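Breakdown of the fold
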Amino acid sequence: MWLTYEALCRGEKGPSDKILAKLKCRYLDNGNPFLKIAPFKVEEAYANPDILIFHDVMADDEIATIKALAQPRLERAAVQNLITGEKAFIQARISKVAILKEFEHKHVTDVVQRVEDMTGLTMETAEKLQVVNYGIGGHYEPHYDFARREEPNAFHSLGTGNRIATVLFYGEQPFFHQGGATVFPYLDIALWPKKGAAAFWYNLHSSGEGDKMTLHAACPVLTGSKWVSNKWIHEAGQQFRRPCGLKRPPPELTA
Ligand SMILES: O=C(O)CCC(=O)C(=O)O
Ligand SMILES: [Fe+2]
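- Naming follows an unreviewed UniProt entry, where the protein chain appears as 2OG-Fe(II) oxygenase superfamily of Popillia japonica.
- According to the UniProt record, the Cofactor (unreviewed entry) comment for the protein chain is "L-ascorbate".

Side note on the pattern of salt bridges
- The full count for this structure, using the stated rule, is 15 salt bridges.
- Here Glu116 makes a salt bridge to Arg241, at a shortest N to O gap of 3.5 Å. Placement of the pair is Glu116 in helix 5 (residues 106-119) and Arg241 in the segment after strand 16 (226-234), with a sequence separation of 125 residues.
- Residues joined in a network through salt bridges with shared partners are Arg148, Glu150 and Glu151.

Examining the site of ligand 1
- In the vicinity of ligand 1, the contacting residues are Tyr134, Tyr140, His143, Asp145, Leu168, Thr182, His216, Ala218, Lys226, Val228, Asn230 and Trp232.
- A distance of 3.1 Å separates an oxygen atom of ligand 1 from a polar atom in the side chain of Asp145.
- Side-chain polar atom of Thr182 to an oxygen atom of ligand 1: 2.5 Å apart, as the coordinates give it.
- Taking 290 Å² as the accessible area of ligand 1 by itself, protein coverage stands at 99%.

Scoring rules and cut-offs
Residues numbered from 1 in each chain as written. Chains lettered and ligands numbered in written order. Predicted model: local features only at pLDDT ≥ 70, side-chain atom pairs only at ≥ 80, totals over all residues. Heavy atoms only, no water. UniProt positions renumbered as here; feature names shortened; annotations may be inferred. Salt bridge = Lys/Arg side-chain N within 4 Å of Asp/Glu carboxyl O. Helix = DSSP H or I, 4+ residues; strand = E, 2+ residues; numbered from the N terminus. Near = heavy atom within 4 Å. Polar contact = N/O pair within 3.5 Å; in protein donor to acceptor, adjacent residues only side chain to side chain. Areas by Shrake-Rupley, 256 points an atom, 1.4 Å probe, with all protein chains shown as cover.

What follows is the structure in structure tokens.
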């Protein structure tokens, strides 16, 4: 897995032609009348699990607002200690983060509403927008966004269940292919950040179990700087939007 992670970061590896041949680009309106006029431009980066790229979903002025709000509040990123639940600083995650509230600025409100339109999922139980800046060498080693079986208390205090899905907006990319890709080592794919685009995937199977294949990483930035904004969407409130499936995935696909 580690060698694949590194090779993907270097741009040396990608999915097979057989997999690529099945991927499509399409317009998406989710049945929303407004979106019939201005549908999202969606590119499939992988199918099953579906990893989607939404193009042009954050405007330049929105990106500028988000950066300006976040900049003075950036703090070193931490992770949660699995046992104590406390904040810990680790070498595996080097970046600076700030949290923005939805009502701080119209641009943030609009972006959060857009995530709802893109995904069809409710934002009522989602975490606040997390803005991340990676400088040179900044990275986040392979990890899951969801709480695994052995961490049942990870999101306990939020009371909104596990992280069902992730939306990751790209606000600035390192110079072309000079690090900073979001890579999925089990799927052999690298998403090269593109300003204004966003990646979306479900972290959980429809059974509610974690999807092992969603392991991903932010590759070290080699030149320039990388900005992303994450919206982590939770399970609570999605029961009519993404109903549970009746089939359980095989144990080797869960985590
Ligand atoms: O910055 C990226 O490309 C991915 C970030 C990420 O996976 C995370 O913050 O959980
Ligand atoms: Fe992540």
